[in-house]
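# Results of the structural survey
Take a look at the letters that make up each chain.
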Amino acid sequence: MNLVNRLKCPFCEKEIFKSLFKKKYSSKELSDFIYKYYKSNELIKILQNEIYELCECTNCHGIFQKNIPNESFLNFLYDDLISSVESLNKKVDYIKNHEKKLNQDFQMISALFEKKTESIKILEFGSGWGFWSKFMLSKSLNVTTCEFSDVRHQHLIKNKIQNFKSLDNINTKFDFIYSEETLEHVTFPLNVLRKLKSLLSKNGYMFHRFPSSFLFKSKLNKKYIPKKDCAHPLEHINIINKKSFIQMCE
(Lines give C-alpha, C1' and ligand atoms only; values in the text may rest on other atoms or scores of the structure.)
Protein backbone atom coordinates (compact mmCIF):
# COMPACT_ATOMS: atom_id res chain seq x y z
CA MET A 1 0.00 0.00 0.00
CA ASN A 2 1.79 3.09 -1.27
CA LEU A 3 0.79 6.63 -2.05
CA VAL A 4 -0.01 7.67 -5.62
CA ASN A 5 1.80 10.69 -7.05
CA ARG A 6 -0.58 13.19 -8.65
CA LEU A 7 0.64 14.59 -11.94
CA LYS A 8 -2.08 17.19 -12.52
CA CYS A 9 -4.37 19.50 -10.59
CA PRO A 10 -7.49 17.68 -9.31
CA PHE A 11 -9.59 20.83 -9.79
CA CYS A 12 -8.77 21.98 -13.34
CA GLU A 13 -6.60 19.12 -14.64
CA LYS A 14 -3.73 21.44 -15.60
CA GLU A 15 -0.20 20.11 -15.16
CA ILE A 16 1.20 23.37 -13.85
CA PHE A 17 1.63 23.57 -10.10
CA LYS A 18 4.25 24.44 -7.51
CA SER A 19 5.22 22.95 -4.16
CA LEU A 20 4.21 24.99 -1.09
CA PHE A 21 5.13 22.66 1.75
CA LYS A 22 6.95 19.36 2.07
CA LYS A 23 7.75 17.09 5.00
CA LYS A 24 8.63 13.43 5.38
CA TYR A 25 6.06 11.22 7.09
CA SER A 26 8.98 9.83 9.10
CA SER A 27 9.56 13.26 10.70
CA LYS A 28 8.74 13.50 14.38
CA GLU A 29 5.94 16.03 13.83
CA LEU A 30 4.12 13.90 11.27
CA SER A 31 4.74 10.50 12.85
CA ASP A 32 3.50 11.89 16.19
CA PHE A 33 0.34 13.17 14.52
CA ILE A 34 -0.25 9.92 12.63
CA TYR A 35 0.08 7.85 15.80
CA LYS A 36 -2.06 10.23 17.89
CA TYR A 37 -4.88 10.34 15.32
CA TYR A 38 -4.84 6.79 13.90
CA LYS A 39 -3.24 4.99 16.88
CA SER A 40 -1.33 2.73 14.50
CA ASN A 41 2.37 1.86 14.41
CA GLU A 42 1.60 -0.16 11.28
CA LEU A 43 0.59 2.99 9.42
CA ILE A 44 3.79 4.75 10.50
CA LYS A 45 5.82 1.87 9.04
CA ILE A 46 3.84 1.98 5.78
CA LEU A 47 4.51 5.72 5.42
CA GLN A 48 8.13 5.81 6.56
CA ASN A 49 9.49 6.37 3.03
CA GLU A 50 6.64 8.62 1.86
CA ILE A 51 6.41 12.40 1.65
CA TYR A 52 3.58 14.73 2.65
CA GLU A 53 3.54 17.53 0.09
CA LEU A 54 1.12 20.38 -0.55
CA CYS A 55 1.05 21.94 -4.01
CA GLU A 56 -0.75 24.92 -5.51
CA CYS A 57 -2.09 24.97 -9.05
CA THR A 58 -0.82 28.04 -10.92
CA ASN A 59 -4.01 28.09 -13.00
CA CYS A 60 -6.90 27.82 -10.50
CA HIS A 61 -4.88 28.32 -7.28
CA GLY A 62 -6.35 25.24 -5.67
CA ILE A 63 -4.15 23.55 -3.07
CA PHE A 64 -3.88 19.79 -2.88
CA GLN A 65 -1.86 16.93 -1.44
CA LYS A 66 0.42 15.63 -4.16
CA ASN A 67 0.86 12.11 -2.75
CA ILE A 68 -2.44 10.44 -1.92
CA PRO A 69 -3.70 6.98 -0.89
CA ASN A 70 -4.68 4.59 -3.67
CA GLU A 71 -8.05 2.81 -3.52
CA SER A 72 -6.88 -0.14 -1.41
CA PHE A 73 -5.12 2.23 0.98
CA LEU A 74 -8.31 4.32 1.32
CA ASN A 75 -10.32 1.19 2.14
CA PHE A 76 -7.70 0.28 4.73
CA LEU A 77 -7.95 3.75 6.30
CA TYR A 78 -11.72 4.11 6.43
CA ASP A 79 -12.94 0.54 6.92
CA ASP A 80 -10.09 -1.17 8.78
CA LEU A 81 -7.89 1.33 10.57
CA ILE A 82 -10.48 3.84 11.79
CA SER A 83 -12.81 2.11 14.23
CA SER A 84 -16.31 2.05 12.76
CA VAL A 85 -17.75 1.70 16.27
CA GLU A 86 -15.95 4.83 17.50
CA SER A 87 -16.85 6.70 14.30
CA LEU A 88 -20.55 5.85 14.67
CA ASN A 89 -20.57 6.65 18.40
CA LYS A 90 -19.18 10.11 17.67
CA LYS A 91 -22.15 10.77 15.37
CA VAL A 92 -24.89 9.17 17.46
CA ASP A 93 -26.20 12.56 18.68
CA TYR A 94 -25.68 14.27 15.31
CA ILE A 95 -29.37 15.10 14.71
CA LYS A 96 -29.83 16.42 18.26
CA ASN A 97 -26.66 18.53 18.11
CA HIS A 98 -27.30 19.90 14.61
CA GLU A 99 -31.09 20.23 14.63
CA LYS A 100 -31.03 23.96 13.85
CA LYS A 101 -28.77 23.49 10.81
CA LEU A 102 -30.77 20.49 9.62
CA ASN A 103 -34.02 22.45 9.83
CA GLN A 104 -32.40 25.31 7.91
CA ASP A 105 -31.34 22.85 5.19
CA PHE A 106 -34.87 21.44 5.05
CA GLN A 107 -36.45 24.89 4.80
CA MET A 108 -33.99 25.89 2.07
CA ILE A 109 -34.77 22.78 0.01
CA SER A 110 -38.52 23.15 0.49
CA ALA A 111 -38.38 26.79 -0.64
CA LEU A 112 -36.52 25.90 -3.85
CA PHE A 113 -39.27 23.71 -5.30
CA GLU A 114 -42.95 24.31 -5.88
CA LYS A 115 -44.07 20.76 -5.16
CA LYS A 116 -44.83 18.47 -2.26
CA THR A 117 -41.84 17.40 -0.16
CA GLU A 118 -42.32 13.71 -0.98
CA SER A 119 -41.90 14.56 -4.68
CA ILE A 120 -38.53 16.30 -4.18
CA LYS A 121 -35.88 13.77 -5.15
CA ILE A 122 -32.59 14.18 -3.26
CA LEU A 123 -29.22 12.48 -3.53
CA GLU A 124 -26.78 12.76 -0.63
CA PHE A 125 -23.29 12.05 -1.94
CA GLY A 126 -20.88 10.78 0.71
CA SER A 127 -23.58 10.21 3.31
CA GLY A 128 -21.41 8.49 5.91
CA TRP A 129 -23.68 7.02 8.57
CA GLY A 130 -26.71 8.73 7.00
CA PHE A 131 -27.89 11.05 9.77
CA TRP A 132 -28.51 14.00 7.41
CA SER A 133 -30.56 11.76 5.12
CA LYS A 134 -32.38 10.19 8.07
CA PHE A 135 -33.51 13.65 9.18
CA MET A 136 -34.65 14.61 5.68
CA LEU A 137 -36.54 11.34 5.32
CA SER A 138 -38.34 12.15 8.57
CA LYS A 139 -39.53 15.33 6.83
CA SER A 140 -40.98 13.20 3.99
CA LEU A 141 -38.34 14.16 1.42
CA ASN A 142 -37.50 11.48 -1.15
CA VAL A 143 -33.85 10.73 -0.30
CA THR A 144 -31.28 8.37 -1.84
CA THR A 145 -27.65 8.12 -0.73
CA CYS A 146 -24.31 7.28 -2.31
CA GLU A 147 -21.69 6.00 0.10
CA PHE A 148 -18.62 3.98 -0.91
CA SER A 149 -17.68 2.45 2.46
CA ASP A 150 -18.75 -1.18 2.90
CA VAL A 151 -19.36 -0.76 6.64
CA ARG A 152 -21.43 2.39 6.20
CA HIS A 153 -23.30 0.88 3.25
CA GLN A 154 -24.47 -1.99 5.45
CA HIS A 155 -25.48 0.46 8.18
CA LEU A 156 -27.55 2.52 5.72
CA ILE A 157 -29.32 -0.55 4.32
CA LYS A 158 -30.01 -1.78 7.86
CA ASN A 159 -31.65 1.58 8.59
CA LYS A 160 -33.79 1.31 5.42
CA ILE A 161 -31.96 4.05 3.53
CA GLN A 162 -31.48 3.30 -0.16
CA ASN A 163 -27.76 3.49 -0.88
CA PHE A 164 -25.60 3.10 -3.98
CA LYS A 165 -21.92 2.28 -3.57
CA SER A 166 -21.03 3.95 -6.86
CA LEU A 167 -22.33 6.93 -8.81
CA ASP A 168 -22.02 4.80 -11.94
CA ASN A 169 -24.86 2.57 -10.69
CA ILE A 170 -27.35 5.44 -10.48
CA ASN A 171 -29.66 6.20 -13.41
CA THR A 172 -32.16 8.48 -11.66
CA LYS A 173 -32.27 12.26 -12.03
CA PHE A 174 -32.40 14.32 -8.81
CA ASP A 175 -33.83 17.73 -7.95
CA PHE A 176 -31.25 18.38 -5.24
CA ILE A 177 -27.77 16.89 -4.73
CA TYR A 178 -26.12 17.44 -1.37
CA SER A 179 -22.71 16.64 0.04
CA GLU A 180 -21.08 17.64 3.30
CA GLU A 181 -17.30 17.46 3.68
CA THR A 182 -16.92 14.90 0.90
CA LEU A 183 -15.22 16.58 -2.07
CA GLU A 184 -12.04 17.14 -0.06
CA HIS A 185 -11.67 13.36 0.33
CA VAL A 186 -12.16 12.14 -3.24
CA THR A 187 -9.29 11.56 -5.65
CA PHE A 188 -10.90 13.28 -8.65
CA PRO A 189 -13.35 15.97 -7.42
CA LEU A 190 -13.75 17.44 -10.91
CA ASN A 191 -14.84 14.06 -12.29
CA VAL A 192 -17.24 13.69 -9.36
CA LEU A 193 -18.85 17.05 -10.15
CA ARG A 194 -19.20 16.06 -13.80
CA LYS A 195 -20.94 12.83 -12.82
CA LEU A 196 -23.19 14.55 -10.29
CA LYS A 197 -24.16 17.13 -12.91
CA SER A 198 -25.29 14.30 -15.20
CA LEU A 199 -27.59 13.10 -12.40
CA LEU A 200 -29.13 16.52 -11.85
CA SER A 201 -32.59 17.31 -13.20
CA LYS A 202 -33.02 20.25 -15.59
CA ASN A 203 -33.93 22.78 -12.89
CA GLY A 204 -32.04 21.07 -10.08
CA TYR A 205 -29.49 22.34 -7.57
CA MET A 206 -26.26 21.08 -6.03
CA PHE A 207 -25.11 22.08 -2.56
CA HIS A 208 -21.58 21.30 -1.31
CA ARG A 209 -20.01 21.97 2.07
CA PHE A 210 -16.27 21.58 2.66
CA PRO A 211 -13.75 22.69 5.33
CA SER A 212 -12.74 26.33 5.20
CA SER A 213 -9.28 27.05 3.77
CA PHE A 214 -9.51 30.80 4.42
CA LEU A 215 -5.99 32.23 4.87
CA PHE A 216 -4.59 28.67 4.97
CA LYS A 217 -1.80 29.42 2.48
CA SER A 218 -0.40 32.07 4.82
CA LYS A 219 0.17 29.37 7.45
CA LEU A 220 2.43 27.30 5.21
CA ASN A 221 5.85 28.24 6.52
CA LYS A 222 8.63 26.31 8.25
CA LYS A 223 6.72 26.45 11.54
CA TYR A 224 3.58 24.80 10.12
CA ILE A 225 2.86 21.39 11.63
CA PRO A 226 0.41 19.14 9.72
CA LYS A 227 -2.68 18.46 11.80
CA LYS A 228 -6.42 17.88 11.68
CA ASP A 229 -7.29 20.92 9.58
CA CYS A 230 -8.31 21.55 5.96
CA ALA A 231 -5.10 19.76 4.84
CA HIS A 232 -5.42 16.76 7.16
CA PRO A 233 -2.68 14.31 6.01
CA LEU A 234 -4.06 11.39 3.92
CA GLU A 235 -7.68 12.52 4.28
CA HIS A 236 -8.28 16.14 3.21
CA ILE A 237 -6.38 15.63 -0.02
CA ASN A 238 -8.14 18.55 -1.75
CA ILE A 239 -7.97 21.96 -0.06
CA ILE A 240 -10.83 23.69 -1.82
CA ASN A 241 -11.07 27.47 -1.98
CA LYS A 242 -13.64 29.70 -3.66
CA LYS A 243 -11.61 30.22 -6.85
CA SER A 244 -10.81 26.54 -7.41
CA PHE A 245 -14.43 25.57 -6.71
CA ILE A 246 -15.73 28.12 -9.23
CA GLN A 247 -13.19 26.81 -11.75
CA MET A 248 -14.51 23.26 -11.26
CA CYS A 249 -18.11 24.42 -11.64
CA GLU A 250 -17.31 26.27 -14.87
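Scroll up to find the structure this text is about.
Residues numbered from 1 in each chain as written. Predicted model: local features only at pLDDT ≥ 70, side-chain atom pairs only at ≥ 80, totals over all residues. Heavy atoms only, no water.

Pairing is possible between side chains that carry opposite charge, provided their charged atoms lie close to one another. One pass over the full model with this rule turns up twelve salt bridges. Residue Glu56 is joined to Lys217 by a salt bridge in which the shortest nitrogen-to-oxygen separation is 2.9 Å. One end of the pair, Glu56, is in strand E3 (residues 51-57); the other, Lys217, is in the loop between strand E10 (200-209) and strand E11 (238-239), with 161 residues separating them in the sequence. You can call Glu56 buried: its relative accessible area is 5%. Overall, the relative accessible area of 41% leaves Lys217 in the partly exposed class. With a closest N to O distance of 3.2 Å, Lys101 and Glu180 form a salt bridge. Here Lys101 is found in helix H6 (residues 99-112), whereas its partner Glu180 is found in strand E9 (residues 174-180), with 79 residues between them in sequence. Under the relative-accessibility criterion, Lys101 is labelled buried at 19%. Using a relative accessible area of 22% as the deciding quantity, one classes Glu180 as partly exposed. Among the ionic contacts, a cluster of salt bridges with common partners joins Lys101, Asp105, Glu180 and Arg209. (Salt bridge = Lys/Arg side-chain N within 4 Å of Asp/Glu carboxyl O. Helix = DSSP H or I, 4+ residues; strand = E, 2+ residues; numbered from the N terminus. Buried < 20%, exposed > 50% of the residue type's maximum accessible area, 1.4 Å probe, protein only.)

Turning our attention to the pairing of E10. Both E9 and E10 contribute to a ladder of six bridges, which runs parallel. Its bridge partner being in E10, Tyr178 is matched across the sheet by Phe207. (Pairing = 2+ DSSP bridges.)

Before going further, it helps to examine the sheet that holds E10. Overall, parallel pairing links the five strands, which are arranged E8-E7-E6-E9-E10 in an open sheet. Whereas interior strands pair on both sides, the edge strands pair on one side only; in this sheet they are strand E8 (163-164) and E10. Each of strand E6 (121-125), E9 and E10 is contacted by H6, which is oriented at about 155° to E9, the strand it contacts most. (Contact = heavy atoms within 4.5 Å. Axes fitted to C-alpha atoms, helices over the stretch in contact; angles between N-to-C directions.)

Most of E6 sits inside the fold, with four of its five residues counted as buried. As paired elements, E6 and strand E7 (residues 142-146) share five bridges and run parallel to each other. If you follow Ile122 over to E7, its bridge partner there is Val143. For the segment spanning E6, helix H7 (residues 131-138) and E7, crossover handedness is right-handed. (Right-handed = clockwise from strand over helix to strand, strands pointing away.)

With that settled, the discussion passes to unusual backbone geometry. Note: most residues except glycine have negative phi, and most peptide bonds are trans. Phi at Glu13 is positive, roughly 70°, even though this residue is not glycine. Along the chain, Glu13 falls in the loop between strand E1 (3-5) and strand E2 (17-24). In this model, Lys39 sits at a positive phi of 55°, which is unusual for a non-glycine residue. Looking at where Lys39 falls in the secondary structure, it is placed in the loop between helix H1 (28-38) and helix H2 (41-46). The exposure class of Lys39 is exposed, given its relative accessible area of 61%.

The next subject is the nonpolar core. Ranked by size, the top nonpolar core spans 25 residues in total, and within it Leu123 and Leu167 carry the most contacts. Elements with a minimum of two residues in this core: E3, E6, E9, helix H9 (189-198) and helix H10 (242-249). When neighbours within four sequence positions are excluded, Leu167 is seen to be in contact with Leu123, Phe125, Cys146, Val192, Lys195, Leu196 and Leu199. If you look at the next biggest cluster of nonpolar residues, it comprises 23 residues, including Leu3, Phe33, Leu77 and Cys230. (Core = buried A, V, L, I, M, F, W, Y, C linked by side-chain atoms within 4.5 Å.)

This part is about the packing of aromatic side chains. According to the stated counting rule, one finds 15 aromatic pairs in the structure shown. On the basis of an interplanar angle of 80° and a centroid distance of 4.8 Å, the ring pair of Tyr37 and Tyr38 is categorised as edge-to-face. With a relative accessible area of 30%, Tyr37 lands in the partly exposed category. On the accessibility criterion, Tyr38 (6% relative accessible area) is buried. Both rings, one in Phe113 and one in Tyr205, keep their centres 5.8 Å apart while their planes meet at 80°; by these two values the pair is edge-to-face. (Phe/Tyr/Trp six-rings, centres within 6.5 Å; stacked < 30°, edge-to-face > 60°.)

On to the packing of H9 against H10. Across the interface, H9 lies against H10 with an axial gap of 10 Å and an inter-helix angle of 45°. Between H9 and H10, the crossing angle belongs to the class labelled oblique. Judged by the sense of rotation from one axis to the other, the crossing of H9 with H10 is right-handed. For the pair H9 and H10, contact is made by Pro189, Leu190 and Leu193 and by Phe245, Met248 and Cys249, respectively. (Parallel < 35°, antiparallel > 145°, perpendicular 65-115°, else oblique. Left-handed = near helix turned anticlockwise from the far one by under 90°.)

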